[in-house]
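Geometric and topological summary
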Amino acid sequence: MSQSSMDDAFSEAKKFFELDMADKMKVYFRLSPVFRGFEPSKGATHLTGDIKEAFNFGYEPEADPLNPSDDLEQYLATTPSGGRNVWPTDVPGLKGALFTYYAQVLALGRQMIKIFALALELPESYFDEAFKIPGALGRTLFYPSQPPASDLDDGTIGVAAHTDIECFTFLLQGPNVSCLQVLNKAGEWVEAPPIPGTLVMNIGDMLCRWTNNQFVSTVHRVINRTGESRQSMPIFFGPAYETPCDIYL
């Protein structure tokens, strides 16, 4: 993983989130049949939900080091579950920066799934076929600054407690702002502060089901009490959407 690709992705995403709301809404995610694009925070288009803005993007062959191709139309014609990304014209560098980082995460994910196969005492290549065209949604997130708070209520929750749906998530956290919390086996919320040059990896519901709870989904939440804004970038890595999810054990 390249530190420069991480930095560039955050830099271009920051430019996008700093646009006027009207410009961001040009790529409003509900205008996309696959919900790609800008997702506002609560209060902008809806009254309930999390206190964050998001830009959603997904798999395209152009960003895949294993299956490189710039023929998006051919991919969409032959992949019913595929989707078209939307990109803001006001930040022309966003697509390249996100795809450069995304390509590195795809390569990492394909290596990690081999490690999970070995941990399950399966052949190393057991899952490979399912990840040739992975279901891998990316989100770049912006949490606005909020006044520091001591009491937990809906006004301090960046993202409510949840698990992710795919096999696992690679989360890149922006520096110096610690907001992520993970629920441990004792039922305690543990801080997961950003560490330079690292990713957080969460187990998702797909791998939990696939392995019959051999690997358990990570419950986590984001609470921004720091008084500062925060950026993060999760990539949700899973198999092709047509893959049967039979319980393996």
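This text gives an overview of the structure that appears in the document. All values derive from a computational prediction rather than experimental measurement. (Residues numbered from 1 in each chain as written. Predicted model: local features only at pLDDT ≥ 70, side-chain atom pairs only at ≥ 80, totals over all residues. Heavy atoms only, no water.)

1. Describing the overall build of the protein chain
Test applied: In this text, helices come from DSSP runs of H or I with a minimum length of four residues, and strands from runs of E with a minimum of two, each type numbered from the N-terminal end. Between the two quantities, the radius of gyration covers C-alpha atoms and the globule rule is 2.2 Å times the number of residues to the power 0.38. The classification of residues rests on relative accessible area computed with a 1.4 Å probe and restricted to protein chains. Under 20% of the type maximum is buried, over 50% is exposed, and intermediate values are partly exposed. For accessible areas, the Shrake-Rupley method is used with a probe of radius 1.4 Å. Any residue's cover is judged against the shown protein chains and nothing else.
Across its full length, the protein chain carries 5 helices and 10 strands. The C-alpha radius of gyration computed for the protein chain amounts to 18 Å, which stays within 12% of the reference 18 Å derived for 249 residues, consistent with globular compactness. Projecting the C-alpha coordinates of the protein chain onto the three principal axes gives extents of approximately 50 × 50 × 35 Å. Classification of the 249 residues of the protein chain by burial places 47% in the buried group. Here the protein chain displays about 12,200 Å² of accessible surface, and carbon together with sulfur accounts for 55% of that area.

2. Section: unusual backbone geometry
Of note, the phi angle at Asn212 is positive, near 55°, even though the residue is not glycine. On the secondary structure map, Asn212 appears in the loop between helix 5 (205-210) and strand 9 (220-223). Phi is positive for Asn213, close to 70°, though the residue is something other than glycine. Assignment of secondary structure puts Asn213 in the loop between helix 5 and strand 9.

3. Re the nonpolar core
Threshold: Residues belong to a common nonpolar core when they are buried Ala, Val, Leu, Ile, Met, Phe, Trp, Tyr or Cys residues joined through side-chain atoms within 4.5 Å. For this analysis, residues touch if any pair of their heavy atoms sits within 4.5 Å.
In this structure, Phe16, Phe55 and Phe168 are the most contacted members of the largest nonpolar core, which totals 45 residues. Taken together, the elements giving at least two residues each to this core come down to helix 1 (3-17), strand 2 (53-57), helix 3 (72-78), helix 4 (94-119), strand 5 (168-173), helix 5 and strand 10 (230-238). The residues contacting Phe16, other than those within four sequence positions of it, are Lys24, Val27, Phe38, Phe55, Pro88, Val91 and Leu94. Of all hydrophobic cores here, the second largest spans 11 residues; its members include Leu141, Cys179, Ala192 and Val200.

4. Things to note about the layout of surface pockets
Worth spelling out the cut-off: A cavity here means a set of 1 Å grid points, computed over protein atoms only, where a 1.4 Å probe fits but cannot escape. A pocket is an open set with protein on both sides within 12 Å along at least 5 of 7 lines, and lining residues have an atom within 4 Å of a point. Grid points are joined across faces, edges and corners, and a volume is the space filled by probe spheres set on the points. Gly counts as polar in this scheme, as do all residues outside two lists: the nonpolar Ala, Val, Leu, Ile, Met, Phe, Trp, Tyr, Cys and Pro, and the charged Asp, Glu, Lys and Arg.
If you add up the space inside the largest pocket, you get close to 330 Å³. Lining the largest pocket we find 23 residues, and of these His162, Asp164, His220, Pro234 and Phe236 sit closest to its centre. At the level of elements, strand 3 (135-143), strand 4 (157-162), strand 5, strand 9 and strand 10 are the ones that each hand at least two residues to the lining of the largest pocket. For the lining of the largest pocket, the class distribution of residues is 11 nonpolar, 6 polar and 6 charged. By volume, the second largest pocket amounts to about 240 Å³. Lining the second largest pocket we find 18 residues, and of these Gln173, Pro175, Ile195, Pro196 and Gly197 sit closest to its centre. Those elements that place two or more of their residues in the lining of the second largest pocket are helix 1 and strand 5. For the lining of the second largest pocket, the element with the highest residue contribution is helix 1, accounting for 4 residues.

5. Things to note about the packing of helix 1 against helix 4
How we decide: Note on geometry: axes are C-alpha line fits, over the in-contact stretch for helices, and angles between N-to-C directions span 0 to 180 degrees. Each crossing gets its handedness from the near helix: less than a right angle anticlockwise from the far helix is left-handed, clockwise is right-handed.
Packing of helix 1 against helix 4 leaves a shortest axis separation of 8 Å and a crossing angle of 145°. As helix 1 runs across helix 4, the sense of the crossing is left-handed. Listed contacts from helix 4 to Ser5, Met6, Asp8, Ala9, Glu12, Ala13 and Phe16 of helix 1 are Leu94, Ala97, Leu98, Thr100, Tyr101 and Gln104. For the contact of helix 1 with helix 4, the per-class residue count stands at 8 nonpolar, 3 polar and 2 charged.

6. Comments concerning the side chain of Glu166
Short version of the rule: Positive charge is attributed to Lys and Arg, negative charge to Asp and Glu, and no charge count is given to His or to the chain ends. Within this document, salt bridges are pairs made up of a side-chain nitrogen of Lys or Arg and a carboxyl oxygen of Asp or Glu, the two lying within 4 Å of each other.
By the element assignment, Glu166 lies in the loop between strand 4 and strand 5. Buried Glu166, no salt bridge; nearest opposite-charge side chain is Arg36, N-O distance 9.7 Å. Apart from residues no more than four positions distant in its own chain, Glu166 is found in contact with Gly135, Gly204, Asp205, Met206, Leu207, Phe236, Phe237, Gly238, Pro239 and Tyr241.

7. Observations regarding the sheet that holds strand 9
So the rule is basically this: Following DSSP output, two strands are said to pair if at least two bridges run between them.
Spatially, the 4 strands line up as an open sheet ordered 4-9-6-7, and their pairing is antiparallel. Each edge of the open sheet carries a strand with a single partner, namely strand 4 and strand 7 (189-191). Taken over all neighbouring pairs, the strand axes of this sheet differ in orientation by 30° on average, direction set aside. The sheet contact formed by strand 4 and strand 9 spans 3 bridges and is antiparallel. In the strand pairing of strand 9, Val159 is matched with Val222.

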